[in-house]
Amino acid sequence: MKLSSKWMQLAALAVLVAVLPLFFPSGYYYRVGALIFVNGLAVTGLVILIGYAGQISLGHAGFAGIGGYACALAPAHLGLPPSLSILLGAVISAVLAVLIGKPILRLRGYYLAVATLGFGILVSMVLTNERALTGGPDGMAVQGLALRKILRGWGWKLSSGEFWYILSALAMLVGVWIALNLFQSATGRAMRALHGSEVAARTVGIDVARLKLQAFVISAVYASVAGSLLALQNQFVTPDIAGFMHSIEMVTMAVLGGVGSVLGAVTGSAILTLLPQVLTVFAEYEQLVLGLVMILVMIFLPRGLLPSIAAKLKGRGE
Amino acid sequence: MSLLEVSGLGIGFGGLRAVDNVGFSAEPGEIVSIIGPNGAGKTTLFNMISGVYLPDSGHVRLDGQDVTAAEPHRLARMGLTRTFQNLQIFQEMTVLENVIVGFHQSESGSLIADLLALPAARRRSQIARAQAQELLKRVRLDKAAEELAGNLSYGALKRLEIARALAMQPRVLLLDEPAAGCNAVETEEIDHLIAELAQSGIAILLVEHDMKMVMRISNHIVVLDHGEKIAEGSPESVSKNPAVIAAYLGAGDEESVDADS
């Protein structure tokens, strides 16, 4: 990756985000856009864990759940403003990621997948069963963000859809920027090295356990912030946010787009968020078509959409 | 006190003593070769010295300090590193990046600086990049710097692995069959490189099947058979040692000292 390519990727993404609304047929699409960006943020975190460091997690929705419920519970019970609740959720997620990451990151492959799966299920069960606190499976209401009112005070009148479109896009762009910084840094290179060969990484002085943990914690914070933003823009949160299906959805987005590439992750999020909207015309066959698309991509573009297409273009250019 | 001192080292797998009571020492600038028939325990010995296996008896001392139970990354930071018999290359990274990873200790700083690409982190990376390019020149891979490592030839990868190890500025370097699978030209290149490294003051531990190369460049040879040390000394004395000749020729084994590849 060349030095300038980081800014090229960021600029391309920013332009896309800015231009897209010109083609929106209705205000509804701001909501879809915001959802894509929030998913993109969470999946970018997974790219760091899976694509850089080579560690799998099937439980990252658990961290999204913690971020989401932090924004529901902290304002209601602690009187914390929602903006600080995002931070609180991120801190709790980070601490939890350290505590569970230390023992389970010793595991590899399938075993790590099952352990993280267990963590996700645990969080979603707690959220479902602690009715007194979380409202159980029915979920609970979430206070809106005060920022929109403040902006309105300054004469910047945004609809809820527009506001969340912009805020989610900014959050994703910052997330992508950080992930791209990491890619080129000593830490990111060491993560990719341990992905390539753990033994060799050790012999050049890389503390493999520590780096795996760092990747796990960083990706947990990404998921947590994404969960918070999701809860805040829906002004509602249910235990589904921490559910198994959400974890799987996140990993699928990452793999579909290309797990080694940050922009691929964003592409994957966009496709898997949009496809169900488009496929509603197929009514009950929606899931069927969705599954078929994923199978075909994995067969014909096994490295994910973006890296496979990039490799094909490069091959033709030479 | 020697730079590297191995004494009474042993390990068993199940009922089998893979290595038993092996000891030797190495000084700066010395090339110590470890030879022996297949299955003699050479790689196992390397794995214990480099911290990959935990020996169940004996000691490894680096500068007099006991480092027997130290993890590989700690040993690496203390100046002992290695290459592998079956290449351990970061295939999905570029050739240059592979070597930059070798500079990890000097390049890495705070995680926050890396995440935010602060000037301090960028400066560290630039220095590591420049140094890595120098090392690539030294192993004549500078032209392939931006290629994916996975695309390189076998001999080139062997040199890349050495360059990555050199990035750590080791005092003790363990080379596990650096010339295996290389053609005559590549072998000679590696041969020169090893001699050059020893001259710069690095203690080299070498496991190699190419006996011509071993006899030519070693200062000291340790011979293993069935996990035990059966001889030790200069290349001349070892090649005349009856026990060594028996180990290579005897017991119906068709390998011979100089025909073994």
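Residues numbered from 1 in each chain as written. Chains lettered and ligands numbered in written order. Predicted model: local features only at pLDDT ≥ 70, side-chain atom pairs only at ≥ 80, totals over all residues. Heavy atoms only, no water.

**Things to note about the overall build of chain A**
(1) Moving on: Across its full length, chain A holds 15 helices and two strands.
(2) Moving on: In summary, chain A has a C-alpha radius of gyration of 19 Å against a globular reference of 20 Å for 318 residues, a match within 12%.
(3) Moving on: Projected onto its principal axes, the C-alpha positions of chain A cover 55 × 45 × 45 Å.
(4) Moving on: If you take every contact in chain A between residues at least 6 apart in sequence, the share linking residues at least 24 apart comes to 75%.
(5) Moving on: Total accessible area on chain A stands at roughly 14,600 Å², and carbon and sulfur atoms take up 70% of it. (Helix = DSSP H or I, 4+ residues; strand = E, 2+ residues; numbered from the N terminus. Rg over C-alpha atoms; globule rule 2.2 N^0.38 Å. Contact = heavy atoms within 4.5 Å. Areas by Shrake-Rupley, 256 points an atom, 1.4 Å probe, with all protein chains shown as cover.)

**Digging into the UniProt feature "transmembrane region" (unreviewed entry) in chain A**
All names here are of chain A.
(1) Moving on: What UniProt calls "transmembrane region" (unreviewed entry) maps, in this numbering, to residues 35–54, 84–102, 109–127, 163–183, 254–275 and 287–306.
(2) Moving on: A distance of 28 Å separates the end C-alpha atoms of residues 109–127, which is 100% helix and 0% strand.
(3) Moving on: In this annotation, residues 287–306 is assigned 80% helix and 0% strand; the end-to-end C-alpha distance for the span is 23 Å. (UniProt positions renumbered as here; feature names shortened; annotations may be inferred.)

**Let's talk about the nonpolar core**
(1) Moving on: Counting 103 residues, the largest nonpolar core has Ile48(A), Tyr52(A), Met191(A) and Ile206(A) as its most contacted members.
(2) Moving on: Residue contacts for Ile48(A): discarding those within four places in its chain leaves Ala53(A), Ala179(A), Leu182(A), Met191(A), Ala215(A), Ile218(A) and Tyr222(A).
(3) Moving on: Formed by 40 residues, the second largest nonpolar core is a distinct cluster that contains Leu96(B), Leu135(B), Ala144(B) and Ala165(B). (Core = buried A, V, L, I, M, F, W, Y, C linked by side-chain atoms within 4.5 Å. Buried < 20%, exposed > 50% of the residue type's maximum accessible area, 1.4 Å probe, protein only.)

**As for the interface of chain A and chain B**
How big an interface is tends to be expressed through the accessible area that disappears when the partners come together.
(1) Moving on: Between chain A and chain B, the residue contacts involve 26 residues of the former and 27 residues of the latter.
(2) Moving on: If you sort the residues of chain A by the area they bury against chain B, Arg189(A), Thr203(A) and Val204(A) come out on top, with a joint share of 27%.
(3) Moving on: Where chain A touches chain B, the interface holds two salt bridges.
(4) Moving on: Between Arg192(A) and Glu97(B) there is a salt bridge, with its nearest N and O atoms 2.7 Å apart.
(5) Moving on: Elements represented by at least two residues in the side of chain A that touches chain B include exactly helix H8 (160–184), helix H9 (186–196), helix H10 (198–203) and helix H11 (208–234) of chain A.
(6) Moving on: Counting residues per element, the side of chain A that touches chain B draws most heavily on H9(A), at seven residues.
(7) Moving on: Of the residues in the side of chain A that touches chain B, the class split is 12 nonpolar, nine polar and five charged. (Buried area = accessible area lost by both parts, 1.4 Å probe. Salt bridge = Lys/Arg side-chain N within 4 Å of Asp/Glu carboxyl O. Nonpolar A, V, L, I, M, F, W, Y, C, P; charged D, E, K, R; others polar.)

**Considering helix H3 (residues 95–102) of chain B**
(1) Moving on: Counted residue by residue, H3(B) has eight buried out of eight residues, so it is predominantly covered.
(2) Moving on: Residues Val95(B), Leu96(B), Glu97(B), Asn98(B), Val99(B), Ile100(B), Val101(B) and Gly102(B) constitute the buried set of H3(B).
(3) Moving on: Buried residues in H3(B) make contact with H9 of chain A together with helix H4 (104–107), helix H6 (119–138) and helix H7 (154–166) of chain B.

**Quick word on empty space enclosed by the protein**
Residue and element names in this part refer to chain A.
(1) Moving on: If you walk through the whole model with that rule in mind, you get one cavity of 30 Å³ or more.
(2) Moving on: By volume, the largest cavity is sized at about 50 Å³.
(3) Moving on: Looking at the largest cavity, the residues that line it are Val38, Asn39, Ala42, Ala64, Ala226, Gly227, Leu230, His246 and Met250.
(4) Moving on: Broken down by secondary-structure element, the contributors of at least two residues to the lining of the largest cavity are helix H2 (28–52), H11 and helix H12 (244–257). (1 Å grid on protein atoms, 1.4 Å probe; cavity = no way out; pocket = protein on both sides within 12 Å on 5 of 7 lines; lining within 4 Å. Points joined across faces, edges and corners; volume = space filled by probe spheres on them.)

**Some thoughts on the side chain of Ser85(A)**
(1) Moving on: Position of Ser85(A) among the secondary structure elements: in helix H4 (residues 82–104).
(2) Moving on: Setting aside residues no more than four positions away along its own chain, Ser85(A) makes contact with Ala70(A), Cys71(A), Ala74(A), Pro75(A) and Leu80(A).

**Regarding a nonpolar patch on the surface**
(1) Moving on: On the surface, a cluster of nonpolar side chains totalling about 610 Å² of accessible area is made up of Val15(A), Leu16(A), Val19(A), Leu20(A), Leu22(A) and Phe23(A).
(2) Moving on: Along the chain, Phe23(A) falls in the loop between helix H1 (5–19) and H2. (Patch = residues over 30% accessible without salt bridge, like charges linked within 9 Å, V, L, I, M, F, W, Y side chains within 5 Å.)

**With respect to the side chain of His220(B)**
(1) Moving on: Of note, His220(B) is situated in strand E9 (residues 220–225).
(2) Moving on: Residues contacting His220(B), with those up to four places away along its chain left out, are Glu30(B), Ile31(B), Val32(B), Ser33(B), Glu232(B) and Gly233(B).

**Focus on helix H3 (residues 61–78) of chain A**
Residues and elements named next belong to chain A.
(1) Moving on: Relative to the 26 Å expected for 18 residues at 1.5 Å per residue, H3 spans 24 Å between its end C-alpha atoms, a close match to the ideal helical length.
(2) Moving on: Along H3, the sharpest kink reaches roughly 30°, centred on Ala70.
(3) Moving on: A large share of H3 lies buried, amounting to 15 of its 18 residues.
(4) Moving on: After H3 finishes, the residue Gly79 shows a positive phi value of roughly 70°. (Expected span 1.5 Å × (residues − 1). Bend = angle between axes of the 7 residues up to and from the residue.)

**Re the environment of Lys42(B)**
Residues and elements named next belong to chain B.
(1) Moving on: Secondary-structure assignment places Lys42 in helix H1 (residues 42–49).
(2) Moving on: Separated by 21 residues in the primary sequence, Lys42 and Asn21 place their C-alpha atoms 13 Å from one another.
(3) Moving on: Among the polar contacts made by the side chain of Lys42, one reaches the main-chain carbonyl oxygen of Gly36 at a distance of 2.8 Å.
(4) Moving on: Polar contacts involving the side chain of Lys42 include one to the main-chain carbonyl oxygen of Pro37, which spans 3.3 Å. (Polar contact = N/O pair within 3.5 Å; in protein donor to acceptor, adjacent residues only side chain to side chain.)

**Some remarks on unusual backbone geometry**
Residues and elements named next belong to chain B.
(1) Moving on: The phi dihedral of Gln169 is positive, around 50°, even though this residue is not glycine.
(2) Moving on: Its location among the elements puts Gln169 in the loop between H7 and strand E7 (172–176).
(3) Moving on: Notably, His226 is not glycine yet its phi reads approximately 50°, a positive angle.
(4) Moving on: You can see His226 is positioned in the loop between E9 and strand E10 (228–233).
(5) Moving on: Looking at His226, the relative accessible area reads 64%, which means it is exposed.

**Topic: the layout of surface pockets**
(1) Moving on: Its boundaries defined by the atoms lining it, the second largest pocket holds a volume of some 680 Å³.
(2) Moving on: Forming the walls of the second largest pocket are 25 residues, and the residues nearest its centre are Ala90(A), Ile178(A), Val221(A), Tyr222(A) and Val225(A).
(3) Moving on: Looking at the lining of the second largest pocket, the elements with two or more residues in it are H4, H8 and H11 of chain A together with helix H5 (111–115) of chain B.
(4) Moving on: Examining the composition of the lining of the second largest pocket, we find that eight residues originate from one element, H11(A), more than from any other.

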